[in-house]
Structure formats: C-alpha cells, structure tokens
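Observations on chain architecture
Residues per chain are reported as follows:
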Amino acid sequence: MKKNEITLSAFHSKYTFGASLITIFILFPISIVFIKAVDVKYTVNQTQLIIAVLSLAFGFLIIVMKSTMQKISFIKTEDQFYLKDEKGNEVHLYDNTTYNIYNYNSRKAFMLRVTTQTATKYFLSPDMSIKSDIEDFFAKFPKKPNRKDFYIKAYPYLICFAYVAISIVLALFM
C-alpha cells in the first residue's frame, strides 16, 4: 500500500444484496420444505440432512459474495481525491463528498458509504485491518449520517427477522 493510495477489497453490493434476498426468500424456504418432505426417521440422519441442505442454500450466498469481490483504490494526488475500480472507472471526490462507516457490531466486516455529487456508493469489506486507513483517507470530508444509512443499518436485522419468521412458519405449518 502506498501512502497516497489505499486498495480495499469489497463485496459487490448489488450482487450481495440480490443473493441475500434469493437465499433467504427462495432457497431457504425450499430447503425447509425439502427437509420436511423427505421425512428421515433417524435423528443422526436428520441432522446430517439439515446440515447438508442448509449448507448448500447458504453456500450460494457465500459463492456469490466471494466471486464478485472487487478491488477499489482510494487515491490522493496533491489536492485531489478520487476512487478507482478494477475496470478503471474513476470517481472524483469533490469537497462536498460525505461518507460514513458502519461496523454492524462485527469485528469481521464494515460498510463504507461514500456520497458524491452524482451518486452514492456502498462498499462492504471483510478487511477490518484497513478501516483506520480509510478513516484517515476521508478525514478531509465530513462524516455525515444520511437518510439512506437507516436502510443500511436495518437490512441485516430485517434479514435475520425474515430468517426466523420463515423458519417458524415453515416448521410449524408444513
């Protein structure tokens, strides 16, 4: 890592969001229905079947997240700041750029939101060791909460609630 350049590995937010919705609302219910329909008699076999089927369902999410990993470079040159993705697309960070960082009560990942004049970009990164470098890079810009931040913070809780609700409904009524 150069002093004026930070490279962040981040999951592609669009694909991760879509894959999590597909996993929770399509693959997980299908898995539960399949487990109940197979009607395995012995407890050991039931446990093995549950682990195998749920591993396949959630493995889809992990595969999508890992395969769509992207490298984002945050670059500072004299008085200009910009970010650059793997494809070479550059986004200039003007003085009115804002950002915010979320931990999700986790020591393993953080979310970075960068809002420029033209767009808002989200970067979910599993690389916690670079978080302090990111905060130092964005020290010039205001760290402001945004209305969209509510949805970013609420999304993991909504997914967990959906997971529990679907589990209960399908386990009791199927």
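Up top is the structure.
Residues numbered from 1 in each chain as written. Predicted model: local features only at pLDDT ≥ 70, side-chain atom pairs only at ≥ 80, totals over all residues. Heavy atoms only, no water.

The next point concerns the side chain of Ser9. Structurally, the position occupied by Ser9 is in strand 1 (residues 5–10). Ser9 sits in the buried class, given a relative accessible area of 16%. Only 2.8 Å separates the side chain of Ser9 from the side chain of Lys71, close enough to count as a polar contact. If sequence neighbours within four positions are ignored, Ser9 has contacts with Met69, Gln70, Lys71, Leu124, Ser125 and Pro126. (Helix = DSSP H or I, 4+ residues; strand = E, 2+ residues; numbered from the N terminus. Buried < 20%, exposed > 50% of the residue type's maximum accessible area, 1.4 Å probe, protein only. Polar contact = N/O pair within 3.5 Å; in protein donor to acceptor, adjacent residues only side chain to side chain. Contact = heavy atoms within 4.5 Å.)

On to the packing of aromatic side chains. Within this structure, the stated rule accounts for 13 aromatic pairs. Aromatic pair Phe28 and Phe58: ring centres 5.9 Å apart, planes at 50°, arrangement tilted. Of this pair, Phe28 sits in helix 1 (residues 13–38) while Phe58 sits in helix 2 (residues 43–67), and the two are 30 residues apart along the sequence. On the basis of relative accessible area, Phe58 is assigned to the partly exposed category, the value being 23%. Between Phe81 and Phe137 the ring centres are 5.4 Å apart and the planes differ by 80°, which places this aromatic pair in the edge-to-face class. You can see Phe81 sitting in strand 3 (residues 80–84) and its partner Phe137 sitting in helix 3 (residues 131–137), a full 56 residues away along the chain. Residue classification places Phe81 among the buried residues on the basis of a relative accessible area of 6%. Judged by relative accessible area, which is 8%, Phe137 ranks as buried. Here a set of aromatic residues connected by ring pairs shows up, and it is made of Phe74, Phe81, Tyr99, Phe123, Phe137, Phe138 and Phe141. (Phe/Tyr/Trp six-rings, centres within 6.5 Å; stacked < 30°, edge-to-face > 60°.)

Below, the discussion takes up the sheet that holds strand 7 (residues 120–125). Spatially, the three strands line up as an open sheet ordered 5-6-7, and their pairing is antiparallel. Two strands bound the open sheet, and with one partner strand each, they are strand 5 (98–102) and strand 7. Here the average twist between neighbouring strands, direction ignored, is 15°. Where strand 6 (residues 110–115) and strand 7 come together, six bridges link them in antiparallel fashion. Residue pairing in the sheet places Met111 in a bridge with Leu124 of strand 7. Each of strand 5, strand 6 and strand 7 is contacted by helix 4 (residues 147–173), which is oriented at about 20° to strand 5, the strand it contacts most. (Pairing = 2+ DSSP bridges. Axes fitted to C-alpha atoms, helices over the stretch in contact; angles between N-to-C directions.)

Scope: geometric values only; no functional claims are made or implied.
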